[in-house]
Amino acid sequence: MAATDSIHGMWSSRLMFILAAAGSAVGLGNIWRFPYVAGENGGGAFVLVYLACIFLIGIPIMASEILIGRAGRQSPINAMRSLAMDSGASSGWQVVGWMGALAGFMILSFYAVIAGWVLSYVILLGSGAFVGADADLANNTFQGFVGNAWSVLGWFTGFIVLTVFITARGVGRGLETTVKYLMPTLFVLLIVLVIYAAVTSGHFTEGVLFLFSFEFERLTWGSVLIAMGQAFFTLSLGMGAIMAYGAYMPKNTSIIGTATTIALMDTGVALMSGLVIFPLVFANGLESSAGPGLMFVTLPLAFGQMAGGQFFGCIFFILVAFAAITSAISLVEPAVAWIVEKLEATRVVAALLVGALVWLLGLGSAFSTNILSDVFIVGEMTFFDTMDYVTNNIVLPLGGIFIALFAGWVLDSKIRDEEMKGDLPYYPIWRFLTRFVAPVAVSIVFVMTFLQN
Ligand code: PHE
């Protein structure tokens, strides 16, 4: 039966779990990806679908992951396996765990490339490269940097080394301290930036309208799929990251309340990032649909024009880098925990092994903006684009369907009731959303996207 402690360590408190899970959720997905996919998909209506997905699908699935993780107290693969068997179901459910561990590799392989860009921008901003910059300079600097295979490769490799180092030190020590100071500082700086954009850009209303005016005729099923994929990605759902962290969560804390808190923080950071970036886009005559480079062009421009921007810009990018690391650690945790359990390896060995594989796979993405920029895998998508599209829009939501079905229908109701004790008033709502709404909604979006193409 379910153990009370995990062999990998435990969070020291409920707050620590919230911080760690928020550390996983808040990352490049909020600051880099949310603004640019919202921009590419026309803003307003896309944002609304995204928010609906967060609340109706994301929170219930996050609660499901915490529940499964905490009841199983092992790596997602083994937690799914043993809980399925305890519930009289097939041990084949562990496949969901496998798929998640694989998704973690795939996501980190391109995530680390963008995180590498962020690291290099720490130095660029700190060196004053953008002081007084105009849109052309910001654009050319970005193009020049991503076009240089060696520097992209170097920073990407550096980021993976950092991730492996912190992961090897284990839950607790490495992560808890990082997140405790990082999160609040990041929040404060974002608020400062929103105020800056509101006061100085002269285009704040335009930015707000872009994000919140709902023009539904611009919406296709393809963009609904991308909005849903973004909801999964930004909350770290569908691949076992939150499940792995749930395994280290103390008993007797409210699961639904915790999931809601994390989702609200995460959404707050994403919306604030949008409120910083879009006013700057309009103020500088940039394209809202500029793609993955959006943040790397707009933010340096803003910092270049702001008093003390060299200093604040450098700090801001350092914080984004930390936010990326705390997410990256959670991307490898499912695989690392499994290797430790199965091969009885130390965390150091497990982290090195995973890091090496991710690095190899990531070469394709690191070179997608330079050496391989003309190599398309599917349609017009580079290796990088393909990895990003497949993981976020297909693998994570698919994992989410199975996680919801497992938590809602398969898991022995005694285990479920026991874990959800602390959530009584919301338990029936969660159960309804998890059993019906989440799996059906994700399936409908899959089918409609497929039919429309
Ligand atoms: N949620 C993270 C972000 O927004 C990315 C992530 C996805 C982390 C999936 C873990 C699992 O940056």
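Undergrad: Just checking my understanding: could you explain the packing of helix α1 (residues 14-25) against helix α12 (residues 255-283) for this structure?
TA: Helix-helix packing is described using two parameters, namely the angle between the two axes and the distance between the axes. Packing of α1 against α12 leaves a shortest axis separation of 10 Å and a crossing angle of 40°. It follows that α1 is oblique to α12 by the angle criterion. Between α1 and α12 lies a crossing whose hand is right-handed. On the side of α1, the interface is formed by Arg14, Phe17, Ile18, Ala21, Ala22 and Ala25, while α12 contributes Gly257, Thr258, Thr261, Ile262, Met265 and Asp266.

Undergrad: What is the right way to look at empty space enclosed by the protein in this model?
TA: Over the atoms rolls a probe the size of a water molecule, and in doing so it shows where empty space is left. What the rule picks out here adds up to four cavities of 30 Å³ or more. As a volume, the largest cavity reaches approximately 130 Å³. Along the walls of the largest cavity sit 15 residues, with Ser24, Ile107, Phe233, Ser236 and Leu331 positioned nearest its centre. Counting only elements with at least two residues in the lining of the largest cavity, the list comes to α1, α5 (94-126), α10 (221-234) and α14 (309-343). Take the lining of the largest cavity: its biggest share by element is three residues, from α14. Split into classes, the residues belonging to the lining of the largest cavity amount to 10 nonpolar, five polar and no charged.

Undergrad: Just to check I follow, could you spell out the site of the ligand for this structure?
TA: Close contacts around the ligand come from 15 residues, with Ala25, Gly29, Tyr111, Phe233 and Ser236 the closest. Between an oxygen atom of the ligand and a main-chain N or O atom of Gly29, the distance comes to 2.8 Å. Separating a nitrogen atom of the ligand from a backbone N or O atom of Thr234 is a distance of 3.1 Å. Protein contacts shield 100% of the accessible area of the ligand, which totals 330 Å² for the unbound molecule.

Undergrad: Please explain the packing of helix α2 (residues 28-40) against α12 as it appears in this structure.
TA: Following both chains from N to C, one finds α2 and α12 inclined at 60°, their axes separated by 8 Å at the closest point. Judged on the interaxial angle alone, α12 and α2 are oblique. As α2 packs across α12, the resulting crossing turns out to be right-handed. On the side of α2, the interface is formed by Asn30, Ile31, Phe34, Pro35 and Gly39, while α12 contributes Asp266, Val269, Ala270, Leu271, Ser273, Gly274, Ile277 and Phe278. Residue composition of the contact of α2 with α12, by class: eight nonpolar, four polar and one charged.

Undergrad: So what exactly am I meant to see when it comes to the packing of aromatic side chains here?
TA: To describe a pair of aromatic rings, one takes the distance between the centres and the angle between the planes. For the structure shown, the criterion picks out 25 aromatic pairs. Aromatic side chains Trp93 and Phe406 sit 5.1 Å apart centroid to centroid with 55° between the ring planes, which places their arrangement in the tilted category. Taken together, the residues span a long stretch of sequence, with Trp93 in the loop between α4 (76-86) and α5 and Phe406 in helix α16 (residues 383-410) at a distance of 313 residues. The burial state of Trp93 is the same as that of Phe406; both residues are buried. Between Phe316 and Phe317, the ring centres sit 6.1 Å apart and the planes meet at 80°, which makes this aromatic pair edge-to-face. On the accessibility criterion, Phe316 (1% relative accessible area) is buried. Joined through ring pairs, the aromatic side chains of Trp117, Tyr121, Phe130, Phe142, Phe145, Phe296, Phe303, Phe316 and Phe317 make up one cluster.

Undergrad: Would you mind going over α5 with me for this structure?
TA: Since the α-helix turns once every 3.6 residues, residues separated by three or four places project in the same direction. Here α5 is 33 residues long and its end C-alpha atoms lie 46 Å apart, about the 48 Å a rise of 1.5 Å per residue gives. The principal kink in α5, of about 25°, is found at Leu108. When you tally the buried positions in α5, you get 26 out of 33 residues, the bulk of the element. Gly128 lies just past α5 and shows a positive phi near 80°.

Undergrad: I keep staring at helix α13 (residues 294-305) and nothing clicks. Help me out?
TA: The terminal C-alpha atoms of α13, which comprises 12 residues, lie 17 Å apart, in line with the 16 Å expected from a rise of 1.5 Å per residue. Of all the 12 residues making up α13, 11 are buried; the element is thus mostly covered by neighbouring parts of the structure. Within α13 the residues assigned to the buried category are Leu294, Met295, Phe296, Val297, Thr298, Leu299, Pro300, Leu301, Ala302, Phe303 and Gly304.

Undergrad: For this particular structure, what's the right way to read the layout of surface pockets?
TA: In this structure, the largest pocket occupies an estimated 390 Å³ of space. Lining the largest pocket are 20 residues, and of these Phe142, Gln143, Ala290, Pro292 and Gly293 sit closest to its centre. Looking at side-chain class alone, the lining of the largest pocket contains nine nonpolar, nine polar and two charged residues. Roughly 250 Å³ of volume is contained in the second largest pocket. Contributing to the lining of the second largest pocket are Arg33, Tyr36, Val37, Glu40, Asn41, Ile226, Pro292, Met381, Asp385, Asp388, Tyr389 and Asn393. For the lining of the second largest pocket, the class distribution of residues is six nonpolar, two polar and four charged.

Here is what the cut-offs are and how they apply
- Residues numbered from 1 in each chain as written.
- Predicted model: local features only at pLDDT ≥ 70, side-chain atom pairs only at ≥ 80, totals over all residues.
- Heavy atoms only, no water.
- Axes fitted to C-alpha atoms, helices over the stretch in contact; angles between N-to-C directions.
- Helix = DSSP H or I, 4+ residues; strand = E, 2+ residues; numbered from the N terminus.
- Parallel < 35°, antiparallel > 145°, perpendicular 65-115°, else oblique.
- Left-handed = near helix turned anticlockwise from the far one by under 90°.
- Contact = heavy atoms within 4.5 Å.
- 1 Å grid on protein atoms, 1.4 Å probe; cavity = no way out; pocket = protein on both sides within 12 Å on 5 of 7 lines; lining within 4 Å.
- Points joined across faces, edges and corners; volume = space filled by probe spheres on them.
- Nonpolar A, V, L, I, M, F, W, Y, C, P; charged D, E, K, R; others polar.
- Near = heavy atom within 4 Å.
- Polar contact = N/O pair within 3.5 Å; in protein donor to acceptor, adjacent residues only side chain to side chain.
- Areas by Shrake-Rupley, 256 points an atom, 1.4 Å probe, with all protein chains shown as cover.
- Phe/Tyr/Trp six-rings, centres within 6.5 Å; stacked < 30°, edge-to-face > 60°.
- Buried < 20%, exposed > 50% of the residue type's maximum accessible area, 1.4 Å probe, protein only.
- Expected span 1.5 Å × (residues − 1).
- Bend = angle between axes of the 7 residues up to and from the residue.

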